[in-house]
Every structure is written in structure tokens, then in C-alpha cells.
Amino acid sequence: MRLTKSTDLALRTIMRLAVTGAEPCTARQIAGEMQVAYSHLAKVAARLQHLDLIETRRGRGGGLTLTATGRTASIGRLVREFEGVGDVVDCEGDVPCPLRQGCQLRMALRRAQEAFFASLDPLTVDDLVASPTGPVLLGLVGRAPGLSP
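Residues numbered from 1 in each chain as written. Predicted model: local features only at pLDDT ≥ 70, side-chain atom pairs only at ≥ 80, totals over all residues. Heavy atoms only, no water.

For the chain, the name recorded in an unreviewed UniProt entry is HTH-type transcriptional repressor NsrR, with Streptomyces malaysiensis as its organism. Comment text from UniProt for the chain, heading Cofactor (unreviewed entry), reads "[2Fe-2S] cluster". (UniProt positions renumbered as here; feature names shortened; annotations may be inferred.)

Set out below in C-alpha cells:
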């Protein structure tokens, strides 16, 4: 299983926000630090806000901050929200698989997918930014491409 770019960016964004605490940072700043398109990060941020994981404030002194819910949210839940819980393979696609009626693989892949999510369920954002990750993230804060460290 491979995570989508949106899921990856959502995870990196909440981790980035977790290490700077209550200090807001802009979506443009985060996009620069992560070397991703601002438009993509803005879409991910809107979804994170909808899930009550981050708060956004416009204007001077505004930006993105992690909510208390976001800090303690299950990583498994976040990945499920971004990835969806559909089948790993599309057995019912435009040309349905001829094996779909008696296939053992579909259920085995579904169990493997759920085991993947279940292994992420107990993890929180705080867990992800514990040492050694947190200090590494702090070292990246404010370093967009072309800026000196």
C-alpha cells in the first residue's frame, strides 16, 4: 500500500505544526519548507481544518496552528480519512475481475489494509514528533529552498 501525496502532506503538516506549538505559521511558509505547491498544501490544510485537526486564522498574525484534537488525534484515523477505506484492488472496475466471486485475495488484502490502519491507530501526533523527529523538524523550520540555515 502506498499513501497518496495528500495523506503524506497532511501527516508532515501536522507534524510541522506540532513542533512549533501555539505559534502560527503560514501555509506558504510550510509549502516552501516542504517544497510542495502552495495550492496542494492549501487544499490539505482545508481538509485538516474540516477534521478539526488544525485551526486557520486570516490576516496579520494569522496562519495555521494545531488544535488540541489534532495533537492527540489517532494517526490511523487521519490516514483513513485521507485514504478512504476502499479496497486495495478494484475488483468491480470497468472490466470486473472474473475471479471476484470466489477470490481469496480480495479478503486477504482487506485484512492486510485493516492491520495497517490498526497499527497506526494508537499513534498520535505527539508520538510522531517525539525525539529524534521533533528536533530534526525544528531544524527545518523556516528553511525554505534558497534560504540559508
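Past the structure itself, the notes keep going.
## A few points about the packing of aromatic side chains
The geometry of an aromatic ring pair is captured by two quantities: the separation of the ring centres and the angle between the planes. On inspection of all chains with the given rule, the structure shows one aromatic pair. Looking at Arg-28, its charged tip hangs above the ring of Tyr-38, at a distance of 3.9 Å from the centre. Against the face of Phe-82 rests Arg-47, its NZ or CZ located 4.4 Å from the ring centre. (Phe/Tyr/Trp six-rings, centres within 6.5 Å; stacked < 30°, edge-to-face > 60°. Lys NZ or Arg CZ within 6 Å of the ring centre and 35° of its normal.)

## Brief notes about the side chain of Ser-74
Positionally, Ser-74 belongs in the loop between helix 4 (68-72) and helix 5 (75-83). At 3.2 Å, the side chain of Ser-74 forms a polar contact with the backbone nitrogen of Gly-76. With residues near it in sequence (within four places) discarded, Ser-74 still touches Leu-120, Asp-121 and Leu-123. (Helix = DSSP H or I, 4+ residues; strand = E, 2+ residues; numbered from the N terminus. Polar contact = N/O pair within 3.5 Å; in protein donor to acceptor, adjacent residues only side chain to side chain. Contact = heavy atoms within 4.5 Å.)

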